[in-house]
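Here is how the chains run, residue by residue.
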Amino acid sequence: MSLPTLRIIGFIIGIFLITLAASMVIPMLTLLAFERTDDISAFLWSSLITFATGLALIAPGRAEHTHLRPRDMYMLTTASWVVVCGFAALPMVLIQHISYTDSFFETMSGITTTGSTVLTGLDHASPGLLIWRSMLHWLGGIGFIGMAVAILPLLRVGGMRLFQTESSDWGEKVMPRSHMVAKFIVLVYAGLTVLGTLAFWLAGMTPFESVNHSMSLISTGGFSTSDASLANWKQPAVHWVAVAVMIFGSLPFTLLVATFRGNRTALLRDHQVHGFLGFLVVTWLLVGTWLWANSDNPWLDAVRIVAVNITSVVTTTGVALGDYTLWGSFSVMLFFYLTFIGGCSGSTAGGLKIFRFQVAWQLLNANLKQLVHPRAVIKQQYNGHNLDDDIVRSLITFSFFFTTTIAVIAFGLCLIGLDWVTALTGAATAVCNVGPGLGPIIGPVGNFSTLPDSAKWLLTIGMLLGRLEILTVLVLFTPAFWKH
């Protein structure tokens, strides 16, 4: 990799760090509003260190007549996530006086919108810290949307090229310049955050709680202002607002923008959206009825409890309404399976994504027909796109390495000394960016604070790999990448 290329990458990361430093002003203002000035110095010093580093990176300027190639984007994407996370962890070290390992874990969990936490006592925690955790979710969510829309299709990662033509056509017809696409995605993202805040406030949360949960749930993150998560609020309206915000965060943002700009059928015609919403509603009704039949809850309450928890896991948000592992072995296995699903492509959600399951079904159906009619020419399409060999190969490669990554991390956690349930579900929830695992330690009412430091670093790697679609990071470790 040439020196001019490294200068460009450093310049872009410097801009990210300066933006991060400016963002730390918001927790400072929050602390002033709550008259908690003792924690302001932590954010002030963190902001100054981050700003100085960013300034040093942009000082040499951009190298002229040099542009980033697609292969350079792999390095930029991975490096920016790691470097930003490293500096965003500084306030937590200074406020909580916890180890840098715990701070980096918490920050990576925030910025990858995973939602796993090592912190306790959130109900009485510093308001500056709480708003910073939610902001990490919010910033990481909009960052991933931009990457999923602009970068991953270009890099042909995990079948994302299925949506490249769609995004390009939409951009040319609605807004001819790419920066205008990004602008309207940010406006929709911010607008939904404001609407979510108002809805939570009207439903019964305080304004501060509303802001935090709106930023956390629109990014499908999962950090809460209470150790009990959503179970801290008994109002059913709060729970249904949470479901709605999580769903909006899991829809394709390019289609949301198109819808808000007048194309009323953009979401209605998308196969991903059909599959995602249909799966949620059917699962709510079936599991809600099962819970009603096996508990003392009225049917509507059972459906509400199920809707919150299932939507949280499917959208990889990670908030919880009670401990669903106490419902029995059926629910434990069900929620483990739901961990892998995820939302739509081009959203803030993690996981495998709905479209990969739909494409897999298309391929299975086509192969079964081919067995019955060996000479037939069977057309394979998804959402109006032909499933060519390149897309199929990309999907299979991604799915293989996705499951292999979970298996390797789970095996490593077992070697460290964790029980197999904690190891397997911890690896799955990290790579899928869900948040809580299963079992008494990292389950929906537990946290990751008691895990060894080596396990936290391994899970941190899993969060990063899952957020960046695995292959974007793995390609950096191949000899071919470093050859001139």
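Residues numbered from 1 in each chain as written. Predicted model: local features only at pLDDT ≥ 70, side-chain atom pairs only at ≥ 80, totals over all residues. Heavy atoms only, no water.

- Going by the annotation in an unreviewed UniProt entry, the name recorded for the protein chain is Trk system potassium uptake protein, with Metapseudomonas resinovorans given as the source organism.
- Taken verbatim from the UniProt record of the protein chain, the Sequence similarities (unreviewed entry) comment is "Belongs to the TrkH potassium transport family." (UniProt positions renumbered as here; feature names shortened; annotations may be inferred.)

**Concerning the environment of Asn 447**
Right, on to step 1. Looking at the secondary structure, you find Asn 447 in the loop between helix 19 (439-442) and helix 20 (453-467).
Right, on to step 2. In this view, Asn 447 contacts Thr 117, Val 118, Leu 119, Thr 120, Ile 441 and Ile 442; residues no more than four positions away in its chain are not counted.
Right, on to step 3. Only 2.7 Å separates the side chain of Asn 447 from the side chain of Ser 449, close enough to count as a polar contact. (Helix = DSSP H or I, 4+ residues; strand = E, 2+ residues; numbered from the N terminus. Contact = heavy atoms within 4.5 Å. Polar contact = N/O pair within 3.5 Å; in protein donor to acceptor, adjacent residues only side chain to side chain.)

**Regarding the pattern of salt bridges**
Right, on to step 1. Applying the stated criterion across every chain yields a total of 5 salt bridges.
Right, on to step 2. Note that Asp 102 is salt-bridged to Lys 456, the shortest N-O span being 2.6 Å. In this pair, Asp 102 is assigned in helix 6 (residues 100-111) and Lys 456 in helix 20, connecting sequence segments 354 residues apart. Each of the two residues, Asp 102 as well as Lys 456, counts as buried.
Right, on to step 3. Note that Asp 301 is salt-bridged to Arg 304, the shortest N-O span being 3.2 Å. Of this pair, Asp 301 and Arg 304 both sit in helix 14 (residues 299-314), 3 residues apart, which is roughly one turn of that helix.
Right, on to step 4. Here Arg 304 falls in the buried class, since its relative accessible area comes to 11%.
Right, on to step 5. One network of salt bridges, with partners in common, ties together Lys 353, Arg 356 and Glu 469. (Salt bridge = Lys/Arg side-chain N within 4 Å of Asp/Glu carboxyl O. Buried < 20%, exposed > 50% of the residue type's maximum accessible area, 1.4 Å probe, protein only.)

**Quick notes on helix 17 (residues 389-416)**
Since the α-helix turns once every 3.6 residues, residues separated by three or four places project in the same direction.
Right, on to step 1. End to end, helix 17 covers 40 Å across 28 residues, agreeing with the expected 40 Å (1.5 Å per residue, within 8%).
Right, on to step 2. The secondary structure elements touched by the buried residues of helix 17 are helix 16 (354-372), strand 2 (385-386), helix 18 (420-431), helix 20 and helix 21 (471-474).
Right, on to step 3. Looking one or two residues beyond helix 17, the residue adopting positive phi is Gly 417, at roughly 125°. (Expected span 1.5 Å × (residues − 1).)

**With respect to the packing of helix 1 (residues 3-23) against helix 4 (residues 70-88)**
Right, on to step 1. The geometry of helix 1 relative to helix 4 is characterised by a closest axis approach of 10 Å and an angle of 35° between their N-to-C directions. Along this stretch, helix 1 crosses helix 4, giving a crossing that reads as right-handed. The residues of helix 4 that touch helix 1, namely those facing Thr 5, Ile 9, Ile 12, Ile 13, Phe 16, Leu 17 and Leu 20, are Asp 72, Met 75, Leu 76, Ala 79, Ser 80, Val 83, Val 84, Phe 87 and Ala 88. (Axes fitted to C-alpha atoms, helices over the stretch in contact; angles between N-to-C directions. Left-handed = near helix turned anticlockwise from the far one by under 90°.)

**Observations regarding unusual backbone geometry**
Right, on to step 1. Positive phi, normally seen in glycine, also occurs at Thr 220, with a value near 50°.
Right, on to step 2. Tracing the backbone shows Thr 220 in the loop between helix 10 (207-218) and helix 11 (236-249).
Right, on to step 3. Although it is not a glycine, Thr 316 adopts a positive phi angle of roughly 60°.
Right, on to step 4. Residue placement: Thr 316 occurs in the loop between helix 14 and helix 15 (329-338).
Right, on to step 5. On the basis of relative accessibility, which here comes to 0%, the residue Thr 316 falls in the buried class.

**Re a nonpolar patch on the surface**
Right, on to step 1. Among the surface-exposed residues, Leu 44, Trp 45, Leu 48, Ile 49 and Leu 94 lie close enough to one another that they form a single nonpolar patch of about 490 Å² accessible area.
Right, on to step 2. By the element assignment, Trp 45 lies in helix 3 (residues 40-58).
Right, on to step 3. By relative accessible area, Trp 45 is classed as exposed at 56%. (Patch = residues over 30% accessible without salt bridge, like charges linked within 9 Å, V, L, I, M, F, W, Y side chains within 5 Å. Areas by Shrake-Rupley, 256 points an atom, 1.4 Å probe, with all protein chains shown as cover.)

**Remarks on the packing of aromatic side chains**
The geometry of an aromatic ring pair comes down to the distance between the two centres and the angle between the two planes.
Right, on to step 1. A full pass over the atoms with the stated rule returns 16 aromatic pairs.
Right, on to step 2. Aromatic pair Phe 34 and Phe 208: ring centres 5.0 Å apart, planes at 65°, arrangement edge-to-face. On the criterion of sequence distance, the pair formed by Phe 34 in the loop between helix 2 (25-33) and helix 3 and Phe 208 in helix 10 is long-range, its members being 174 residues apart.
Right, on to step 3. Taken together, the ring pairs in this structure connect Tyr 100, Phe 104 and Trp 457 into an aromatic cluster.
Right, on to step 4. The side chain of Arg 356 reaches across the aromatic face of Phe 398, ending 3.8 Å from its centre.
Right, on to step 5. Above the plane of the ring of Phe 144 lies Arg 467, whose end atom (NZ or CZ) is 3.8 Å from the centre. (Phe/Tyr/Trp six-rings, centres within 6.5 Å; stacked < 30°, edge-to-face > 60°. Lys NZ or Arg CZ within 6 Å of the ring centre and 35° of its normal.)

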